[in-house]
Amino acid sequence: MKSAAVFLLIFVLINIVYSNELSQYQDDHPSSGEPSKLNLANKTLEPEENWFEQKLDHFNTINEYIIWKQRYFMNDKFYRHNSDAPIFLTIGGELAISSRWVTMGAWIEFAEHFGALCFHLEHRFYGKSQPRSDLSYENLKYLSSKQALADVANFIESMNQKYSLSCKQKWIVFGGSYPGALAAWAREKYSHLIHGAISSSAPILAKVDFVEYFQVVKASLATHSAQCVEAFGRAFAVIETLLRHEIGRRDLNEKFNTCTPIEDSIANHLDISNFFQKLADNIAGVIQFNNIKRPDANYTIDEVCNVMVNTTIGPPVDRLGVVSGILLEKAKEKCLDYKYEKMLSEMKNISWQSKVANGTRQWTYQTCNEFGFYQTSNNRSDTFGDRFKVDFFIKQCMDIYSESMNATYLERVVAETNRQFGGLNPNTTNVLYVHGSIDPWHAPGLTSTNKPELPTIFIESAPHIVPTCIHRLKPIHHNSPRRVIKSLNIWSSCW
């Protein structure tokens, strides 16, 4: 398998996106070159957990000898067992990794085509990859995208040595969402180790006030109908009116099944902001994962909009109450909990056994320390009102972690992230960026470029994309792939 197979891999990806089926390409030529020393004798349907000794701090000589155990999975089922076979690595993100992700999905189908060896590496501080004894603010200083990328580089170098992988064997990294950004950045920072990257739904432009998120949510709701957007807007406006009256507040308790009476919080603007933000965020989750066939996907745009335009249910605020109830039930929540202090109490729990150790405390720290990405609504006359502006989120950083994480701090660290990685002008090659128009995360992503070495695919009507489910998408409309294929031919000639 020559290095040009990487081009064929990406070509297959494009064909999958546009035709919803795998390419029929098969390599019938025998393998050549020295085989690696990897033992392929033991194959199981469910890969076992593997552990790798990782450095705690890649950038401080004082801590360079402190190590911890990082989890990874490996799949050698389709490995071609020769010195030209590619190596695939899916980078973990803000959730625990699972053995199933190394046995299913588009990238595994690619591995079968090209005889690749597959690895799935868990991100530090997520899942079972726990570098420190707890999630204290002091320990979280070792959690960053910069450290995670160095983890990837150290992992690749170690696997090359452990399995005697040939220098001809090309490492291709995959990632979706935050890991999609990591995949692109890994290729940029460690191009001597990584030959190419497939970057799906990657937000590569850090931004404190991510107001575009709910603008895309609104535009995505409009794909159903203007009436749907109007109904949501009228419902949120009526909530504002009901909040001003005692009877109205009691009405809101009933309509939205609040855990505590909202009249108890009427003077607490943080509780009220949290109430509005939770309602809007639940709706946004529907849009972000619209039509993705996964157990935790919360219904579809059409389903929630069909409720919102159904006048037989009652006025728009009643319909929003029905939608909220449906989504609460799907999330297995008994009631709508909007109390700010309770949220703070949960988020301040530093134990690995806490509820927020599922990734919530860690990812929120990363937003406060690197990315921002605060999904705000700033305009009182717009669909979701103005109850959760950027200050609401910055206060959470200060309350949960440190008072030093104020607006000035956030602007500085976000600017540094963009300086380090280039924002929407990355200084890299051999990265394919894939985005969907429905997905609000395409706003801070690279959706078009005139650089042949950085091709993009922007899929109309597609939601948040991850490498494991991209092959399931069947977009109604799409951009012509001819320009991208032409660009990839130019790109491949340079390999």
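Residues numbered from 1 in each chain as written. Predicted model: local features only at pLDDT ≥ 70, side-chain atom pairs only at ≥ 80, totals over all residues. Heavy atoms only, no water.

Going by what an unreviewed UniProt entry lists, the protein chain is known as Thymus-specific serine protease and is assigned to Ceratitis capitata.

This part takes up helix α2 (residues 106-114). An α-helical turn contains 3.6 residues, so any two residues separated by three or four positions project in the same direction. α2 sits mainly inside the fold: seven of its nine residues count as buried. All of the buried residues along α2 are A106, W107, I108, F110, A111, H113 and F114. Note on α2: the residue one or two positions beyond its end, G115, has a positive phi of about 65°. (Buried < 20%, exposed > 50% of the residue type's maximum accessible area, 1.4 Å probe, protein only. Helix = DSSP H or I, 4+ residues; strand = E, 2+ residues; numbered from the N terminus.)

Our focus in this paragraph is the packing of helix α12 (residues 360-371) against helix α14 (residues 407-421). Running from N to C, α12 and α14 cross one another at 80°; their axes reach a closest spacing of 6 Å. One element, α12, and the other, α14, form an angle in the roughly perpendicular class. Contacts between α12 and α14 involve T367, C368, N369, E370 and F371 from the first element and Y409, L410, V413, V414 and T417 from the second. (Axes fitted to C-alpha atoms, helices over the stretch in contact; angles between N-to-C directions. Parallel < 35°, antiparallel > 145°, perpendicular 65-115°, else oblique. Contact = heavy atoms within 4.5 Å.)

On to the state of the cysteines, then. Under the counting rule described, the total for this entry stands at three disulfides. The disulfide partner of C228 is C305, and the S-S distance across this bridge is 2.1 Å. Every disulfide takes its handedness from the sign of the S-S torsion; for C228 and C305 that torsion is -75°, giving left-handed. Pair noted here: C228 is in helix α6 (residues 226-243) and C305 is in helix α9 (residues 301-308), with a separation of 77 residues, a long-range link. (Disulfide = S-S within 2.5 Å.)

Turning our attention to the nonpolar core. L89, F119, L221 and I239 are the most contacted members of the largest nonpolar core, which has 118 residues in total. Ranked by residues supplied to this core, first place goes to helix α8 (residues 269-288) with 10 residues. Residue assignment places this core across two domains, with domain 1 (49-205 + 423-494) and domain 2 (211-413) each supplying three or more. In this structure, I239 is in contact with L252, F256, F275, F276, L279, V317 and L320, ignoring residues within four places of it in sequence. Residues F88, F114, F174 and I459 belong to the second largest nonpolar core, which totals 21 residues. (Core = buried A, V, L, I, M, F, W, Y, C linked by side-chain atoms within 4.5 Å. Domains from an automatic or database assignment.)

Mapped onto the fold, V307 is located in helix α9. By relative accessible area, which is 15% here, V307 ends up buried. The spacing of V307 and L320 is 13 residues in sequence and 8.1 Å in space, taken between C-alpha atoms. Among all residues touching V307, those that are not within four sequence positions of it are I313, R319, V322 and V323.

All right, on to the side chain of Q54 then. With respect to the secondary-structure elements, Q54 resides in strand β1 (residues 50-55). The exposure class of Q54 is buried, given its relative accessible area of 0%. At a separation of 3.2 Å, a polar atom in the side chain of Q54 contacts the main-chain carbonyl oxygen of D151. There is a polar contact of 2.7 Å between the side chain of Q54 and the side chain of N154. (Polar contact = N/O pair within 3.5 Å; in protein donor to acceptor, adjacent residues only side chain to side chain.)

Located in the positive-phi region is F125, a residue other than glycine, with phi close to 75°. Within the secondary structure, F125 is located in the loop between β4 (117-121) and α3 (145-162). For N430, which is not a glycine, the phi torsion comes out positive at approximately 55°. Tracing the backbone shows N430 in the loop between α14 and β9 (431-436).

What follows covers the sheet that holds strand β5 (residues 171-176). Consider a sheet: its strands pair through backbone hydrogen bonds, and that pairing is either parallel or antiparallel. Taken together, the eight strands give an open sheet; going across it, the order is β1-β2-β4-β3-β5-β6-β9-β10, and neighbouring strands pair in mixed fashion. In the strand order of this sheet, the two ends are held by β1 and β10 (456-459), each with one partner. Taking each pair of neighbouring strands and ignoring which way they run, the sheet shows an average axis angle of 20°. With four bridges joining them, β9 and β10 adopt parallel strand pairing. Directly across from G436, in β10, lies its bridge partner I459. Seen against the sheet, α2 touches β2 (67-75), β3 (87-91), β4 and β5 and runs at an angle of roughly 175° to β3. (Pairing = 2+ DSSP bridges.)

Moving on: the packing of aromatic side chains. Scanning the entire structure with this criterion turns up 34 aromatic pairs. Considering the side-chain rings of F119 and F155, the 5.5 Å spacing of their centres and the 85° angle between planes classify their relative orientation as edge-to-face. Within this pair, whereas F119 is found in strand β4, its partner F155 is found in helix α3, the two being separated by 36 residues in sequence. Its relative accessible area of 0% is what places F119 among the buried residues. Taking the ring centre of F59 as reference, the NZ or CZ of K146 above it sits at 4.4 Å. (Phe/Tyr/Trp six-rings, centres within 6.5 Å; stacked < 30°, edge-to-face > 60°. Lys NZ or Arg CZ within 6 Å of the ring centre and 35° of its normal.)

Bringing the side chain of D271 into the picture now. Turning to its location among the elements, D271 is positioned in helix α8. Discounting chain neighbours no more than four positions away, the residues touching D271 are S265, Y338, K339, Y340 and E341.

Relative to the assigned elements, E188 resides in helix α4 (residues 178-189). When its relative accessible area of 17% is taken as the criterion, E188 is described as buried. Considered as a pair, E188 and N430 are 242 residues apart in the sequence and their alpha carbons are 9.2 Å apart. Residues within four places of E188 in sequence aside, it is in contact with Q420, F421, P426, N427 and T428.

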